[in-house]
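Here is how the chains run, residue by residue.
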Amino acid sequence: MTATGTVPFHVPHTAGRQFEYLRSALESGDLDGNGAYSARAAERIQQLTGAGHVLLTPSCTAALEIAALLLDLAPGDEVVMPSFTFAPTASAFVLRGAVPVFVDCHPDTLNLDEKALQAAITPRTRAIVAVHYAGVACEMDEIQRIADAHGIPVVEDSAHGLGASYRGRPLGGIGTLAAQSFHATKNVHSAKGGALLVNDANLVDRATIIRDRGTNRHQYFLGQVDKYRWVDLGSSYILPELLAALLAAQLEEFDTVQRRRREVWYRYHEGLAEWAAAQRVLLPVVPADRVHSAHLYHLVLPEPGDRAAFLDHLRARGVNATFHFVPLHTSPAGVRYGRTASGGCPVTEHVAERLVRLPLHTELTPAQVEQVLDAVVSFRTSESRGSLP
Ligand SMILES: *Cc1c(COP(=O)(O)O)cnc(C)c1O
């Protein structure tokens, strides 16, 4: 077979006005952050998430670190989270001395399993982190019920979740705090960037101080104090204005980006249904009470041994695909700093070694989408061949 060129796994979105905005931000000389583009980007994020207050940060990682500072975690405090996530979900809390307690995920949504969560709560549990994998919401009502029963906050890691909702409520606006990512690999981006969404009004002032190196500079600008001073823990967690300009341009096109990504997502979903059933491959599951963000399109192959063969098969047909998270509970730092909930994370281990993500970005042409589909459906898994490799 002849490949018609390589389909890249990811191409960061380019927004029409991003160069104009970058130039204008540079020329304004107001480079520190908190300028006009920051305000515009924060307002758009607020509209999309229904969040109480939006603070732009240099990354989702930084937003999670602010969340950990806001929660006043002490050494030995526990934070329950899924193992199937990215390192910063856990490391942000470990930096405060807290112990991540890793729980298993559901085999269909790959989101944190509420029964495992419930069982993992101890008198030392101080927070729950809900990661909306692929921008499909976690079972937030049940998670919130468990959190309320123990008087602890829920932090949403909504790195994948912008534009998604749970029972009509946008993700990011549900937990006490939420972290958003605008890394170049996400749907819209500022090369690197993020936001902390603060949904408890009592936490806004302190979050603002922590983000500004632990100083009350913001109150000084508002004329509330006559000089600004070091008043709390904090770090340099404000998104520079240049990146906010890039982000503002990207967010202006959010609806277009989402429409394009959803078209590709649903074309894959429809085009792969029959093949997946015959090959015992699991396609993404989106429960009926949720709208997803089309952040990823993933497949779970029947056997780990299928994955290398599948990726080679796709590569030979010009399609770059890849795996995803390596479970945290078996990662070196996860073992050193965290604890695995009793019962372990068998579903996470099963899924992590069988999962493949297909190309999904705004630069894909319809012909490339068909190229991906043709490449995928011409693969036979070991199950369908009736023998293990
Ligand atoms: C991308 C990602 C992050 C980190 O985002 P940064 O903005 O790069 O810090 C955190 N959590 C999850 C689930 C992610 O996918």
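Computed from a prediction, not measured in an experiment: that's the story for all the values here.

Colleague: Give a description of the domain arrangement of the chain that names residues and reports values.
Modeller: Domain boundaries in the chain define domain 1 (18–252) and domain 2 (254–386). Its C-alpha centre places domain 1 at a distance of 26 Å from the equivalent point of domain 2. Listed as interface residues are 47 residues of domain 1 and, on the opposing side, 37 residues of domain 2. Of the roughly 3500 Å² buried between domain 1 and domain 2, counting both surfaces, carbon and sulfur atoms make up 60%. For the pair domain 1 and domain 2, the interface holds 4 salt bridges. Where domain 1 packs against domain 2, one counts 22 residue pairs in polar contact (both at pLDDT 80 or more).

Colleague: So, the UniProt feature "active site" (unreviewed entry) in the chain: which residues are in play, and what are the values?
Modeller: As annotated by UniProt and renumbered to match this structure, "active site" (unreviewed entry) occupies Lys186. As for its placement among the helices and strands, Lys186 is situated in the loop between β8 (177–181) and β9 (194–198). When neighbours within four sequence positions are excluded, Lys186 is seen to be in contact with His10, Ala159, His160, Ser181 and His295.

Colleague: I'd like a description of the site of the ligand, backed by residues and values.
Modeller: Around the ligand sit 16 residues in total, of which Thr61, Asp157, His160, Ser181 and Lys186 are the nearest. Within the contact set of the ligand, a nitrogen atom lies 2.8 Å away from a side-chain nitrogen or oxygen of Asp157. At 2.7 Å from an oxygen atom of the ligand is found a side-chain nitrogen or oxygen belonging to Ser181. The protein chains hide 92% of the 380 Å² of surface that the ligand would expose on its own.

Colleague: Give me the nonpolar core: which residues, what numbers.
Modeller: Counting residues in each nonpolar core, the largest one holds 35 residues, and the members touching the most others are Leu70, Val79, Phe93, Leu177, Leu196 and Val198. Sorting the residues of this core by element identifies α3 (60–70), β2 (78–82), α4 (87–94), β4 (125–131), β8, β9 and α7 (204–211) as the ones contributing at least two each. It is α3 that contributes the most residues to this core, 9 residues altogether. Ignoring sequence-local partners within four residues, the contact set of Phe93 consists of Ala68, Leu71, Leu73, Val79, Met81, Ala98 and Val129.

Colleague: Describe a nonpolar patch on the surface, naming the residues involved and giving the relevant values.
Modeller: Residues Tyr220, Phe221 and Tyr228 make up a contiguous nonpolar surface patch of about 330 Å² in total accessible area. Assignment of secondary structure puts Tyr220 in helix α8 (residues 217–221). For Tyr220, a relative accessible area of 35% translates into the label partly exposed.

Colleague: Report on the sheet that holds strand β10 (residues 290–291), specifying residues and quantitative values.
Modeller: Strand order in the open sheet formed by 3 strands is β7-β6-β10, and the pairing between neighbours is antiparallel. The outermost strands of the open sheet, each flanked by one partner alone, are β7 (169–170) and β10. Sheet analysis places strand β6 (residues 165–166) next to β7, joined by 2 bridges and oriented antiparallel. Directly across from Tyr166, in β7, lies its bridge partner Arg169.

Colleague: Account for the packing of helix α10 (residues 254–279) against helix α14 (residues 366–377), with residues named and values stated.
Modeller: Orientation of α10 relative to α14, taken along the N-to-C sense of each, is 25°, at an axis distance of 10 Å. The angle between α10 and α14 places the two elements in the roughly parallel class. With respect to the hand of their crossing, α10 and α14 are arranged in right-handed fashion. Along its contact with α10, which presents Arg260, Val264, Arg267, Tyr268, Gly271, Leu272 and Trp275, the element α14 presents Pro366, Val369, Glu370, Val372, Leu373, Val376 and Val377. Its residues assigned to classes, the contact of α10 with α14 shows 10 nonpolar, 1 polar and 3 charged.

Colleague: Got a sec to walk through the sheet that holds β8? Specific residues and values, please.
Modeller: Spatial ordering of the open sheet is given by β1-β9-β8-β5-β4-β2-β3-β12, a layout of 8 strands whose pairing is mixed. With one partner strand each, in any of the chains shown, β1 (53–57) and β12 (339–340) form the two edges of the open sheet. Packed on one face of the sheet, helix α2 (residues 36–49) meets β1, β8 and β9 and runs near 130° to β1. Here α7 sits on the sheet in contact with β1 and β9, set at roughly 10° to β1.

Colleague: Account for the side chain of Ser293, naming residues and giving values.
Modeller: Mapped onto the elements of the fold, Ser293 is located in the loop between β10 and β11 (298–300). Accessibility expressed as a relative area gives 0% for Ser293, which makes it buried. Within polar-contact distance, the side chain of Ser293 engages the backbone oxygen of His160 at 2.6 Å. Residues in contact with Ser293, not counting those within four places in the same chain, are Ala134, Gly135, His160, Gly161, Leu162, Ala164, Asn187 and Gln258.

Colleague: Explain the pattern of salt bridges residue by residue, including any values.
Modeller: Tallied over the full model, the rule gives 25 salt bridges. Notably, a salt bridge pairs Asp212 with Arg213, separated by 2.7 Å at the nearest N-O pair. Under the relative-accessibility criterion, Asp212 is labelled buried at 4%. With a relative accessible area of 42%, Arg213 lands in the partly exposed category.

Colleague: Give me the lowdown on the packing of aromatic side chains, citing residues and values where you can.
Modeller: Taken as a whole and assessed by the stated rule, the structure comprises 12 aromatic pairs. Three or more aromatic residues joined by ring pairs form one cluster here, namely Phe84, Phe86, Tyr133 and Phe325.

Colleague: A description of the UniProt feature "modified residue: N6-(pyridoxal phosphate)lysine" (unreviewed entry) in the chain should follow, citing residues and the corresponding values.
Modeller: Under the local residue numbering, the UniProt record ascribes the feature "modified residue: N6-(pyridoxal phosphate)lysine" (unreviewed entry) to Lys186. Judged by its relative accessible area of 12%, Lys186 falls in the buried class.

The rules we used
Residues numbered from 1 in each chain as written. Predicted model: local features only at pLDDT ≥ 70, side-chain atom pairs only at ≥ 80, totals over all residues. Heavy atoms only, no water. Domains from an automatic or database assignment. Contact = heavy atoms within 4.5 Å. Buried area = accessible area lost by both parts, 1.4 Å probe. Salt bridge = Lys/Arg side-chain N within 4 Å of Asp/Glu carboxyl O. Polar contact = N/O pair within 3.5 Å; in protein donor to acceptor, adjacent residues only side chain to side chain. UniProt positions renumbered as here; feature names shortened; annotations may be inferred. Helix = DSSP H or I, 4+ residues; strand = E, 2+ residues; numbered from the N terminus. Near = heavy atom within 4 Å. Areas by Shrake-Rupley, 256 points an atom, 1.4 Å probe, with all protein chains shown as cover. Core = buried A, V, L, I, M, F, W, Y, C linked by side-chain atoms within 4.5 Å. Buried < 20%, exposed > 50% of the residue type's maximum accessible area, 1.4 Å probe, protein only. Patch = residues over 30% accessible without salt bridge, like charges linked within 9 Å, V, L, I, M, F, W, Y side chains within 5 Å. Pairing = 2+ DSSP bridges. Axes fitted to C-alpha atoms, helices over the stretch in contact; angles between N-to-C directions. Parallel < 35°, antiparallel > 145°, perpendicular 65-115°, else oblique. Left-handed = near helix turned anticlockwise from the far one by under 90°. Nonpolar A, V, L, I, M, F, W, Y, C, P; charged D, E, K, R; others polar. Phe/Tyr/Trp six-rings, centres within 6.5 Å; stacked < 30°, edge-to-face > 60°.

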